[in-house]
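Coordinate inspection notes
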Amino acid sequence: GGGDGGGTAGPGGAPAPARVLFPPTFSVSEIKNKQRRHFMFLRWKQQQRKEKLAAKKKRKKEREALGDQAPPKAIPKTIENQRVYDETTVDPNDEEVAFDEATDEFAPYFNRQTVPKILITTSDRPRGRTVRFCEQLATVIPNSHVYYRRGLALKRIIPQCIARDFTDLIVINEDRKIPNGLVLSHLPDGPTAHFRMSSVRLRKEIKRKGKEPTEHAPEVILNNFTTRLGHSVGRMLASLFPHDPQFIGRQVATFHNQRDYIFFRFHRYIFKSEKKVGIQELGPRFTLKLRSLQKGTFDSKFGEYEWIHKRREMDTSRRKFHL
């Protein structure tokens, strides 16, 4: 609390201060009363905010006063720009990388020799949400077919897919009726990626969503896939979509990698003027985290793994990323 103004005389005849100031070592956590403590904490937070804003305004004024002589703005430190250097980061002009890409399993797709044909299936006997997610995913990826799996092993599905010219197999796994995993297998020779899936939002759960997607082949944007592993995963995701997008549809599928989480978004855009673009999210949206990359098609027993995410060994620094 405070005193009752500066009018009253303190001990020794000196006027008392207007309000009692906290001693410099005072901590809000010392207050025993919970409500009072909470109230004082909010007041302290408010004070901090005011000071921060005042400092910001002061800096802005100083910059305006200096004009062109103002020092360059400081770049804030983020986990991304403090990233630990990864020796497998790809140089776009690397001949070895170019050779690998010309001869890898996705080369026929990038050379336009094969057209993607995708089979989307589920874990055994899926529930409502997973079923709806598969249906919506099929409207995003052109030339994809949904198959509901009832007791058929993946080992038996893969030869049937190859016989029917499917280029990729997507399996959506679920846990307690919620989609929680995605296995992507490139046919006929692999590789196979296993992702953990989270934050799935179906179309009806997205605010201000646009009308249903049209059947045009969307454009694909891949962000931040910089290492050799990231390159492989990026090529794998790109090869799900037709190589020649139909720009008339104005639809774009984005795989954005940030801190090894791959965020998927599906939008429709429109150019309002030369500078302004309006975008509408169409959905669905989801987040993927790579758990393993395996050579060849799906084989949990004898598969040869190119990369497995081992948390205790690999996640030693918060600034180390693998994609």
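Note that residues are indexed from 1 along each chain, following the sequence as it is written. Only residues with pLDDT of at least 70 are given local features in this predicted model, and only at 80 or more are side-chain atom pairs given and counted; all residues enter the totals for whole chains, interfaces and linings. With hydrogens and water set aside, each side-chain value is computed from the structure's full complement of heavy atoms.

Rules: UniProt positions are given in the numbering used here, feature names are shortened, and annotations may be inferred rather than shown by experiment.
An unreviewed UniProt entry lists the protein chain under the name Ribosome production factor 1, with Pitta sordida as the source organism. Check the Function (unreviewed entry) section of the UniProt entry for the protein chain; it says "May be required for ribosome biogenesis."

What about the overall build of the protein chain?
Using the following cut-off: For the purposes of this entry, the term helix denotes a DSSP run of H or I that reaches at least four residues, the term strand denotes a run of E that reaches at least two, and both are numbered from the N terminus. Here the globule rule reads 2.2 Å times residues to the power 0.38, and the radius of gyration is calculated from C-alpha atoms. When a residue's accessible area, from a 1.4 Å probe over protein chains only, is under 20% of the maximum for its type it is buried; when over 50% it is exposed; and in between it is partly exposed. The contact rule is simple, with two residues in contact once any of their heavy atoms fall within 4.5 Å. All accessible-area figures derive from a Shrake-Rupley calculation using a 1.4 Å probe, and residue coverage is judged against the displayed protein chains alone.
Scanning the protein chain for helices and strands turns up seven helices and eleven strands. Scaling as 2.2 N^0.38, a compact globule of 323 residues should have a C-alpha radius of gyration of about 20 Å, whereas the protein chain reaches 28 Å, well beyond that. By its C-alpha atoms, the protein chain is 100 × 50 × 45 Å across when sized along the principal axes. Here the protein chain holds 323 residues, and the buried ones make up 35% of them. Considering only residue pairs separated by 6 or more positions, the protein chain has 62% of its internal contacts joining residues 24 or more positions apart. If you sum the accessible surface of the protein chain, you get close to 21,400 Å²; carbon and sulfur atoms cover 52% of it.

Quick notes on the UniProt feature "domain: Brix" (unreviewed entry) in the protein chain
UniProt records the feature "domain: Brix" (unreviewed entry) for residues 116–299 in the present numbering. End C-alpha to end C-alpha, residues 116–299 measures 22 Å, and it is 18% helix and 41% strand.

So, the side chain of His267
If you trace the backbone, His267 turns up in strand E8 (residues 261–271). When neighbours within four sequence positions are excluded, His267 is seen to be in contact with Arg250, Gln251, Val252, Ile279, Gln280, Glu281 and Leu282.

Re the pattern of salt bridges
The line we're drawing: Here a salt bridge means any side-chain nitrogen of Lys or Arg lying within 4 Å of a carboxyl oxygen belonging to Asp or Glu.
In total, this model carries ten salt bridges according to the counting rule given. Where Glu101 meets Arg235, a salt bridge forms, and the shortest distance between an N and an O atom there is 3.5 Å. Highlighted residues: Glu101 in helix H2 (residues 95–103) and Arg235 in helix H6 (residues 228–238), separated in sequence by 134 residues. Relative accessible area serves as the criterion here: at 24%, Glu101 is assigned to the partly exposed category. Overlapping salt bridges, with partners in common, bring together Glu101, Asp104 and Arg235 in one network.

Remarks on the confidence of the model for the protein chain
Selection rule: Residue-level confidence of the predictor is what pLDDT reports, using numbers from 0 through 100.
In this model, the protein chain carries an average pLDDT of 86, and 92% of its residues clear a pLDDT of 70 or more. Confidence drops under a pLDDT of 50 for residues 2–6, and excluding neighbours within four residues, the segment shows ten contacts in the predicted structure.

Digging into unusual backbone geometry
Cis geometry is found at the peptide bond from Leu187 to Pro188, where omega equals 0°. With respect to the element layout, Pro188 can be found in the loop between strand E4 (178–186) and strand E5 (192–201). Backbone geometry at Arg112 places phi at a positive 65°, although glycine is not the residue there. Inspection of the secondary structure puts Arg112 in the loop between helix H3 (107–110) and strand E1 (118–122). Although it is not a glycine, Asn224 sits at a positive phi angle of roughly 65°. Structurally, the position occupied by Asn224 is in the loop between strand E6 (219–223) and H6. Judged by relative accessible area, Asn224 falls into the partly exposed class, the value being 42%.

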